[in-house]
Amino acid sequence: MIKIDLSSRAALVTGGTSGIGLASAERLLDAGAAVAICGRNPERLAQAEAHLRERRPQARLIAAQCNVLDEGDVAALTERIRGEFGRLDMLVNNAGQGRVSTFADTTDDAWREELELKYFSVIRTTRACLPMLRDAARETGDAAIVCVNSLLALQPEPHMVATSSARAGVQNLVRSMAGEFAPDGVRVNSILIGLVESGQWRRRYAAAQEAGDSKTWPEWTGELARKKQIQLQRLGKPEEAAAAIFFLASPQSSYTTGSHIDVSGGLARHV
């Protein structure tokens, strides 16, 4: 495997306290990058910081409590990055979660909340970080934004109507930003994830065990994957999504913008 040296670069990973975000931060740190992570929960943030620093004591790391929907929080975080790192070359927009609902049972407030989360978690961080990204691109010829999106953007599920609709809009936004930012050397891409191991699935597994299910975690997730018709017959791992994010964020993909990588194990049904 080709070793990528990112020691002269800096990244921000939103939603970086667990799962895909934390795995992405680890991958970037291992390549030498300075990395800022943020999250809303102070306990999870402290745990993530301790985990990263234990394994990488020399890491250039910022761990900041930040609500990416709060313009003031985002502005404060970007100024801290500018002050401590002096630059920003890579932005990973990873904050967000799914909403289980049908059209019939999604209220106006729920629609607004879902659209606010999916759109403005990308819009506010991108707007705040763009000046530093443009500066980095002028210096090195390359800067990148990666949005962690869902396969729902192209393949909606009937029980996730609001999330599917919002995800589709974000995918359109990715393409629009890619075209607008390309003259400045800032690339914009996304990954589309399917079912990835997470705290949510661990909690569902624990509930199934409490209800008497004796399956092991691999057995339980394998059965879930087969029910969902995932061709690889398992859930994805955060590290697998992080590998795709790393490729799109780093100069390895310097000629790729306005595109996406499918990380769904064969769940996609479109060509």
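Predicted, not measured: the structure shown is a model, and the values here were computed from it.

Now for the environment of K237. Mapping K237 onto the fold places it in the loop between α7 (217-227) and α8 (238-249). Classification of K237 as partly exposed rests on a relative accessible area of 38%. Placed 30 residues apart in sequence, K237 and L267 show a C-alpha to C-alpha distance of 15 Å. With residues up to four places along the chain from it excluded, the contact list for K237 reads V196 and E197.

With respect to the element layout, L28 can be found in helix α1 (residues 19-30). C-alpha separation for the pair L28 and H260, spaced 232 residues apart in sequence, amounts to 19 Å. Residues within four places of L28 in sequence aside, it is in contact with L6, A11, V13, A33, V35, M90 and F246.

Let us now look at the domain arrangement of the protein. Per the domain assignment, the segments making up the protein are domain 1 (10-196 + 238-263) and domain 2 (198-235). The straight-line distance from the C-alpha centre of domain 1 to that of domain 2 is 27 Å.

Ordered in space as β3-β2-β1-β4-β5-β6-β7, the seven strands form an open sheet in which the pairing is parallel. Looking at strand neighbours, the two that pair on one side only are β3 (61-65) and β7 (260-263), the edges of this open sheet. Looking at each pair of strands side by side, their axes are set apart by 15° on average, direction ignored. Judged from the eight bridges that link them, strand β5 (residues 143-150) and strand β6 (residues 186-193) form a sheet pairing that is parallel. For I145, the partnering residue across the bridge sits in β6 and is V188. Across the sheet, helix α4 (residues 108-140) touches β1 (10-14), β4 (90-93), β5 and β6, and the angle it forms with β4 is around 165°.

Thresholds applied
Residues numbered from 1 in each chain as written. Predicted model: local features only at pLDDT ≥ 70, side-chain atom pairs only at ≥ 80, totals over all residues. Heavy atoms only, no water. Helix = DSSP H or I, 4+ residues; strand = E, 2+ residues; numbered from the N terminus. Buried < 20%, exposed > 50% of the residue type's maximum accessible area, 1.4 Å probe, protein only. Contact = heavy atoms within 4.5 Å. Domains from an automatic or database assignment. Pairing = 2+ DSSP bridges. Axes fitted to C-alpha atoms, helices over the stretch in contact; angles between N-to-C directions.

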